[in-house]
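Each chain, letter by letter, is given below.
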Amino acid sequence: MSTGTPLQARLQDLLDGATSAAIATPPGQAEPVDGAPGAAALIAHRGEVLAQAHSGWAVAFAADGRLLPEPEREPVRPDQLWDVASVTKLFTAVCVLAHAEAGVLDLDRPVAEDLPEFAASDPDRARVLPRHLLTHTAGLPSVLPLWRRRGSRDQLAGQILRTPLLRAPGEQHEYSCVGYLTLGLLLERRTGRPLPELVQTCVTGPLGMADTGYTPPPGRPVAATEYQHDPARGLVRGQVHDETAWALGGAGNAGIFSTPADLLRFAEEVRTGAHGLLGDTSRTLLRTGTLTAAETARIGYDQAIGFRLGQESLTGSTEAGPLGHSGFTGTAVVIDPGRELVSVLLSNRVHPRRESFTVERLRAELAGLARTG
């Protein structure tokens, strides 16, 4: 039952409707249902939480897609951890910008000058810059099935760095996990430190994000994601859902677990810079579009470093001001600088299978609820 302020009641009703729809899904449903088995969300203004809610189930389905009897399900808890999926890319982007400010790397220095193997097989690759990787314009493909390949982490990293380009750098936007995998490897090469350690040093530690990291602490409840068959991992829970990030470990494209409250801390730092994580110039890059009008029209949003601008299915608006990012597991962070708003959605919409549910409507409705109050 909804309680508290009207906004709190509307947010709770929004999540309850989404999780109830998921649980009511008939077995063998052919089309994805709008909803998720479990979800948590918050809305904040100037850093103050106006409404927060959680709903549904951290574990709800068996491997065959059958809804478990209620005594066998695990409800979402207030301290639940969630796999944020590609929202991880925002942490990678901030780490890159922080190291650029420190002079450790240069956004306009060819990647191959620090990772020579990156250009070994293609002269076009010698022209790829970190800036291209950060804005998905390097010409790299979207994904790489790294989990189907064998080798040590160094060998798998080498395969990432030899991934053929689809087109010359700077020609076209192609959302690319491979690009952010490469950024993580670039940071590691330049610093000699693993990416999870860099994220903790650059972002989560300074912001006091104690519930955020690549490895959930023992005993913390973690929402289940998918029953995976390729690779044969069974129920994925407490490990990154993204198969390539799992194969590599400590990846730049996915792998972080967090909570709505911690992601609010991160979003507020992007919005205000209160902790000085980045200088004003770098923070401006996180909200400044880089694409031509034609490219923006083609893909449906403009691309800043890390963040997307004006993506209606994410921000609930085509306004250029709001910025955000989504994650494959059913997550989203949206910042509206003009209205001084932040909304966060975390869910396990890929449980029990990625085809089961979609949260596009839920993302947009949450952002709209934040905007209209």
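As the structure is a prediction and not an experimental result, all values here were calculated from the model.

### Focus on the layout of surface pockets
Using a probe with the size of a water molecule, rolled over the atoms, empty space left in the structure can be pinpointed. Considering only enclosed or pocket space, the largest pocket measures out at about 630 Å³ in volume. Forming the boundary of the largest pocket are 31 residues, of which Ser86, Tyr175, Gly327, Phe328 and Arg349 lie nearest the centre. The residue makeup of the lining of the largest pocket, split by class, is 12 nonpolar, 11 polar and 8 charged.

### Section: the packing of aromatic side chains
Per the stated rule, a full pass over the model turns up 2 aromatic pairs. Arranged with centres 4.4 Å apart and planes meeting at 15 degrees, the rings of phenylalanine 91 and phenylalanine 266 form a pair that is stacked. Linking phenylalanine 91 in helix H2 (residues 88-101) with phenylalanine 266 in helix H8 (residues 260-272), this pair joins segments that are 175 residues apart in sequence. Residue classification places phenylalanine 91 among the buried residues on the basis of a relative accessible area of 0%. Above the ring of tryptophan 57, the side-chain terminus of arginine 73 is found at 4.9 Å from the ring centroid. Geometry around tyrosine 175 places arginine 308 over its ring, the cationic atom sitting 4.7 Å from the centre.

### So, empty space enclosed by the protein
Taken as a whole, this structure holds 3 cavities of 30 Å³ or more when the rule is applied. For the largest cavity, the calculated volume is near 80 Å³. In this structure, the largest cavity is lined by Thr315, Pro322, Val334, Ile335, Asp336, Leu341, Val342, Ser343, Ala367, Ala370 and Arg371. For the lining of the largest cavity, a count of residues per class yields 7 nonpolar, 2 polar and 2 charged.

### Looking at the packing of helix H1 (residues 6-23) against helix H12 (residues 360-372)
At their nearest, the axes of H1 and H12 sit 11 Å apart, and the two run at 175 degrees to each other. Considering the angle they form, H1 stands roughly antiparallel to H12. Seen from H1, the contacting residues are Leu7, Arg10, Leu11, Leu14, Leu15 and Ala18; seen from H12, they are Leu362, Glu365, Leu366 and Leu369. Split by residue class, the contact of H1 with H12 holds 8 nonpolar, no polar and 2 charged.

### Focus: the pattern of salt bridges
Tallied over the entire structure, the rule returns 25 salt bridges. With a shortest N-O distance of 2.6 Å, arginine 237 and glutamate 74 are connected by a salt bridge. Taken together, the residues span a long stretch of sequence, with arginine 237 in the loop between strand E7 (232-235) and helix H7 (243-248) and glutamate 74 in strand E4 (residues 74-75) at a distance of 163 residues. Residue classification places arginine 237 among the partly exposed positions, given a relative accessible area of 31%. When its relative accessible area of 35% is taken as the criterion, glutamate 74 is described as partly exposed. A salt bridge links glutamate 197 to arginine 193; the shortest N-O distance between them is 2.7 Å. Note on glutamate 197: relative accessible area 36%, which makes it partly exposed. Arginine 193 gets classed as partly exposed once you look at its relative accessible area, which sits at 29%. What you see here is one network of salt bridges that share partners, running through Arg46, Glu268, Arg271 and Glu340.

Cut-off values and rules
Residues numbered from 1 in each chain as written. Predicted model: local features only at pLDDT ≥ 70, side-chain atom pairs only at ≥ 80, totals over all residues. Heavy atoms only, no water. 1 Å grid on protein atoms, 1.4 Å probe; cavity = no way out; pocket = protein on both sides within 12 Å on 5 of 7 lines; lining within 4 Å. Points joined across faces, edges and corners; volume = space filled by probe spheres on them. Nonpolar A, V, L, I, M, F, W, Y, C, P; charged D, E, K, R; others polar. Phe/Tyr/Trp six-rings, centres within 6.5 Å; stacked < 30°, edge-to-face > 60°. Helix = DSSP H or I, 4+ residues; strand = E, 2+ residues; numbered from the N terminus. Buried < 20%, exposed > 50% of the residue type's maximum accessible area, 1.4 Å probe, protein only. Lys NZ or Arg CZ within 6 Å of the ring centre and 35° of its normal. Axes fitted to C-alpha atoms, helices over the stretch in contact; angles between N-to-C directions. Parallel < 35°, antiparallel > 145°, perpendicular 65-115°, else oblique. Contact = heavy atoms within 4.5 Å. Salt bridge = Lys/Arg side-chain N within 4 Å of Asp/Glu carboxyl O.

Keep in mind that these numbers describe shape and distance, not what the molecule does.
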